[in-house]
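# Commentary on secondary and tertiary structure
Listed here are the chains, written in short residue letters.
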Amino acid sequence: MLVSWNITRACNLKCEHCYRDAGDADADELTLAEGKKLLSDLHALHFRLIIFSGGEPLLRPDLFDLIKYARGLGLVSVLGTNGTLIDRDCARRLKDAGLKRAGISLDSVNEVQHDAFRCAQGSWRQAITGMENCKAAGLEFQVHTTVTTKNIDQILAITDFAQAKGAQAHHIFFLVPTGRGKDIDNVIPAPAEYERLLEQILEKQKSVSLELKPVCAPHFMRIARKKKIAMRFEKGCLAGISYACIIPNGDVHPCPYMPIRLGNVRTDGFVKIWQENKVLQDLREARLHGKCGVCEFKNVCAGCRAAAYYQSGGDYLAEDLNCTYEPKRKADPDNVTV
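Below or above, wherever it landed, is the structure these notes cover. From a predicted model like this one, the values you see are computed outputs, not experimental measurements.

Right, let's get into the sheet that holds strand 4 (residues 101-105). Strand pairing in a sheet takes place through backbone hydrogen bonds and is either antiparallel or parallel in direction. Overall, mixed pairing links the 10 strands, which are arranged 7-6-5-4-3-2-1-8-9-10 in an open sheet. The strands lining the two open edges of the sheet, one partner per strand, are strand 7 (211-215) and strand 10 (263-264).

Where burial is concerned, most of strand 7 is hidden: 5 out of the 5 residues are buried. Here strand 7 shows a buried face lined by Glu211, Lys213 and Val215 and a second buried face lined by Leu212 and Pro214. By the bridge criterion, 5 bridges tie strand 6 (residues 169-174) to strand 7 in an arrangement that is parallel. What sits directly across from His170, in strand 7, is Leu212. A crossover links strand 6 with its parallel partner strand 7, the connecting element being helix 7 (residues 191-205), and its sense is right-handed.

Looking now at the packing of helix 1 (residues 32-44) against helix 2 (residues 63-73). Interhelical geometry of helix 1 versus helix 2 gives an angle of 25° and a closest axis separation of 10 Å. Here helix 1 is positioned roughly parallel relative to helix 2, judged by the angle of their axes. The chirality of how helix 1 crosses helix 2 is right-handed. Seen from helix 1, the contacting residues are Leu32, Gly35, Lys36, Leu39, Ser40 and His43; seen from helix 2, they are Asp65, Leu66, Tyr69, Ala70 and Leu73.

Our next topic: the pairing of strand 8 (residues 243-246). Because side chains alternate across strand 8, one face comprises the buried residues Tyr243 and Cys245, and the other comprises Ala244 and Ile246, equally buried. Alignment of strand 1 (residues 2-6) against strand 8, held across 4 bridges, turns out to be parallel. Within strand 8, the position partnered with Ser4 by the bridge is Cys245. Pairing between strand 8 and strand 9 (residues 251-253): 2 bridges, direction antiparallel. Along strand 9, the bridge assignment pairs Cys245 with His253. Hairpin connection, strand 8 to strand 9: the antiparallel pair is bridged by 4 residues, and Gly250 has positive phi, about 100°.

Calculation notes
The residue count restarts for each chain, going from 1 along the sequence in the order it is written. Thresholds applied to this predicted model are a pLDDT of at least 70 for local features of residues and 80 or more for the giving and counting of side-chain atom pairs; totals over whole chains, interfaces and linings are not thresholded and use all residues. Note that water and hydrogens are dropped before the side-chain values are worked out from all heavy atoms of the structure. The criterion for strand pairing is that DSSP finds at least two bridges linking the strands in question. Strands are runs of DSSP state E lasting at least two residues, helices are runs of H or I lasting at least four, and both sets are numbered from the N terminus onward. Residue burial is assigned from relative accessible area. The probe radius is 1.4 Å, only protein chains are included, and a residue is buried under 20% of its type maximum, exposed over 50%, and partly exposed in between. Looking down the strands as they point away from the viewer, one classifies a crossover as right-handed if the path from the first strand across the helix to the second runs clockwise. To obtain an axis, a line is fitted to C-alpha atoms, over the contacting stretch when the element is a helix, and the angle between two such axes runs from 0 to 180 degrees between their N-to-C directions. Roughly parallel means an angle under 35 degrees; roughly antiparallel means over 145; roughly perpendicular covers 65 to 115; every other angle is labelled oblique. Crossing handedness is defined as follows: a turn of the near helix away from the far one that is anticlockwise and smaller than a right angle gives a left-handed crossing, while the clockwise case is right-handed. A contact between two residues is defined here by any heavy atoms of the two lying within 4.5 Å.

This is the structure:
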């Protein structure tokens, strides 16, 4: 089980698609003491992995203390970063603190195109330098890419680039229009384009050593099963099942891209939220609507709950319209599970 904790909304970039609408730090972000309490609760609930994200998590001075504390509990820590602040000293400190891996964003093999998407000239070069500094420090890193119509033809080239740089994985994020992403929903590829890309990614996995994982496109599990491609993943969408997100002020969401407030760790405690919240129970029971509810791949896919939430105007159990597959069974006329 894993949690993504957006430890700050502060960021040194102003990326077009930012789901957290990052820029300035919030005044009510969880303190170091509150963060340690959260990490202790995660350990008590048998969570295994904590993703420190943002904003840009490296702008939070106590990040290294949080990583050390998580390591002491036996949690595996990873980082979601734009990579621009990882100089040699930073890479060494992350390694010494106990970070397992840094996830560094790279959205194009073209420097100009990446910088435009990240709204910061020089961000591509800085991200590459960050990767090189991680490698020199003996710190694992992986590459994160957000798919749009502007770069969909480059995804496999980015995979090759990541492997050449020494990355352990390439995680490919399918854009969900939340935060500033709502302002660029016109660059979301059509479902047929997503399906084609997922096919290409899974075929590519056969010829590269680094791990490829589509994110927010859980129907990759259907394709993998049909093609008999072995993968370590057991389920596509984990939102609310074995995954949750904590935003900077302590509010808990089912995932980073589904802004449904489940409670706050300050006032409710993460343990109570995780064990008792109705939305989480709904997601775990998977009483999905439409074709997702009758699909024979429901138990390994479940559709992207965040995408369904936005497509339906707020129904987190709705069918995922990004999936082109038509199940062998049909949904009933009332659009509920049969």
